[in-house]
Amino acid sequence: MSKPNDVDEFLKDFIDELKLVSNGYKLGEHLIPVHTASFICDAPARQFFKRITSHNGYSGCERCQQVGEYEAGTVVFPELNSLPRSDENFLAQSDSNHHRGISPLAKLNMTNCLVSKFVLDPMHLVYLGVMRKLLNLWLKGPLNVRIGSHKKNLISKNLVNVAKFMPAEFNCKPRSLDELDRFKANESRSFLLYTGPVVLKDTTDINIYNNFMLLFSAVNLLSRKDIPNSVEYAKDYLLKFTEHFIQIYGKRYAVYNVRNLWHLPDDVAKHGTLDSFSAFEFENFLGVIKNLLRKPNFPLSQVINRISERNISMDVEEHIYPVLKKIHAQGPLVDEMVCQQYKELYLEKYCFKVTPADQGVMINNEIGCIQNIISNKCEPNNISIIYQVYQVKEIVFHYPLSSANLGIYKVKGSVRFEDRKNMKNITFCEKKNMWLGYTLAIISQRFMVKHAILLV
C-alpha cells in the first residue's frame, strides 16, 4: 500500500468524526469526553500532516525558528539559542518559509494543536535517529572518531555474550556490531539504556564516552517519574551533549535529529515520560494486525472478521496473576517447610525465574538473587521467594551524575544462603533487578519497573 498523496483526502474522515464528538460521545446515558492528547508519528509524517517544509529543509525545525545551514551536502542546525515556535504563530503562519500550505487539522479549531501536540517521537528521534547516528560514526565516520577493528570486535563479542543475561521481557537480544544495518529500534534502545555504558567503557576515547553518557543519563531521566527535577537535569545534559557532539564530530553532523533532542524535555513536561508518547506500542501492534491476515485480498475485512471472532470466542482465557510454572524439588528451603517449589513466577508486569537473567530482586532496599520460588501447600496463593543478599553496593560512575541517582550499583559480597536464610512473600518485592554478564563482569541497567544493578 503506497503512501497517500493528498493530506486533505487522507484526513477527511478523521476530521469529520472528531468534529462529531467535539462535545463528547454519548454511550447510553453517559457522555464521554473526547479530546486529542497527541499526534505520534515520524518526521516525514508530521511534515505531511502539518503541511510544513521537510525536516531536512532550511526551516525544517518544528520547535524553533532557526534557519539551517548548508554543510557538506546536508542542512544542519548548529545554533542552540533560537526563538521557539508556538501554536499561535503556527496558525498565523508567521514564518512563511516553514509552511507549505494550510493543514487540514487547522479546521479543528484547536489552538494548542499543531506544535505542542505533535510530539517528537523518541523511537525515531532518539533510537533510530541519534543512537544509530552515533554507532555509524564510530564504525564508519571520520578517522578521528572511528573505533579500530580490534575494539569493534571486542564490543561485538561483549554484546553477544550478554545475550544470555537479558531478562525475558526483552524481545531482541544484543547482536554484533557487524549487523548494525539490521538493528531494530528496540536494539538501539537496549544499547543506549542498558548495555552501552559498560561495553563502551575503556574501548572508546574518554571524550566520546562522556558525550555518550550525557545522552544515556538524559534519556534515562526522561524515561522515569521517580526522580525530582528530572526534566530540568535532562535538558541541561542534552544541551551539553549537543555542544560536545558538535565539538567532537563536527558541525556537519548536527542534523535535524541532533538538534531536536534539546526540545524533547518540553514534550516530557507536557505529556509524561518518553514511553507515554513513543511509537513503539503502535509499531508493535502493526505486527499483531499483520498476523490476522490470511491472504492478500480484502485486508480490512479480514482484520474486522478476526477481531470479531476473537471477541466472541469463549476459549480465550485471561491470565490471573501471579502464575507459577515448572515444578521442581531441588531446593533450597528454609528449615522443614511443607511447600511446592517452582522455577518461574509470572507477575502482571514482569517475571522471576531461577536463572541468571531473571533472578535479581530488590527487597527492603536490599539487592538479592532468587534461589527458589515456593508456595504454601495449604495456602497456594501464599507465594514466597528464597534469596541471597549482596552486602556491598558501590557507585559505578560519577559523570554526569552519580549512578546511584539512577539506581545503578556495583554489588559484591553475597551472603551465603546457609548463613542467612532469607524468605519473603512476593508482596515485598519492590523491583526486579537486571544484570547482564560478559567476560569477567556482570552488568545491568534500569528496565522499566526493574531496578538496575552492576554485579562484579
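Residues numbered from 1 in each chain as written. Predicted model: local features only at pLDDT ≥ 70, side-chain atom pairs only at ≥ 80, totals over all residues. Heavy atoms only, no water.

1. Focus: the pattern of salt bridges
As a reminder of what qualifies: Think of a salt bridge as a Lys or Arg side-chain nitrogen and an Asp or Glu carboxyl oxygen that are within 4 Å of each other. Here a helix means four or more residues in a row that DSSP labels H or I, a strand means two or more in a row labelled E, and each is numbered from the N terminus. Relative accessibility decides the category of a residue: with a 1.4 Å probe and only protein chains considered, values under 20% of the type maximum give buried, values over 50% give exposed, and everything between is partly exposed.
Evaluation of the coordinates by the stated rule reveals 21 salt bridges. One salt bridge connects lysine 235 with aspartate 266, and the closest N-O pair in it is separated by 2.9 Å. Here the residue lysine 235 occupies a position in helix α8 (residues 230-249), and aspartate 266 occupies one in helix α10 (residues 264-271), the gap between them amounting to 31 residues. The partly exposed category is assigned to lysine 235, whose relative accessible area is 24%. Looking at aspartate 266, the relative accessible area reads 29%, which means it is partly exposed. Among the ionic pairs, lysine 432 bridges to aspartate 358, the shortest N-O distance being 2.6 Å. One end of the pair, lysine 432, is in strand β13 (residues 429-434); the other, aspartate 358, is in the loop between β7 (351-353) and β8 (360-363), and 74 residues separate them in sequence.

2. So, the packing of helix α6 (residues 185-199) against helix α7 (residues 206-222)
What counts, and what does not: To get an axis, a line is fitted to the C-alpha atoms, and for a helix only the part in contact is used. The angle between two axes follows their N-to-C directions and goes from 0 to 180 degrees. An angle below 35 degrees is treated as roughly parallel, one above 145 as roughly antiparallel, one from 65 to 115 as roughly perpendicular, and anything else as oblique. The handedness criterion is simple: a crossing whose near helix is rotated anticlockwise from the far helix by less than a right angle is left-handed, and one whose near helix is rotated clockwise is right-handed. Working rule for contacts: check all heavy atoms of both residues, and any pair within 4.5 Å makes them a contact.
Running from amino to carboxyl end, α6 crosses α7 at an angle of 140°, the nearest separation of the two axes being 10 Å. As the angle between them shows, α6 and α7 are arranged oblique. The interaxial crossing formed by α6 with α7 has left-handed handedness. The residues of α7 that touch α6, namely those facing Phe191, Leu192, Leu193, Gly196 and Pro197, are Tyr209, Phe212, Met213, Leu215, Phe216, Val219 and Asn220.

3. A closer look at empty space enclosed by the protein
Stated formally: Put plainly, a pocket is an open set of points on a 1 Å grid over the protein atoms alone with protein on both sides within 12 Å along at least five of seven lines, a cavity is a set where a 1.4 Å probe fits but cannot get out, and a lining residue has an atom within 4 Å of a point. Grid points are joined across faces, edges and corners, and a volume is the space filled by probe spheres set on the points. Charged means Asp, Glu, Lys or Arg here, nonpolar means Ala, Val, Leu, Ile, Met, Phe, Trp, Tyr, Cys or Pro, and polar covers whatever is left, Gly included.
Applying the stated criterion to the full structure yields two cavities of 30 Å³ or more. The wall of the largest cavity is formed by Leu159, Pro174, Arg175, Phe183, Glu187, Ser190, Phe191 and Thr195. Top element by residues in the lining of the largest cavity is α6. It accounts for four residues. Along the lines of polarity and charge, the residues of the lining of the largest cavity split into four nonpolar, two polar and two charged. Space inside the second largest cavity adds up to approximately 40 Å³. Lining the second largest cavity are Gln65, Arg85, Asn89, Phe90, Ser94, Asp95, His98 and His99.

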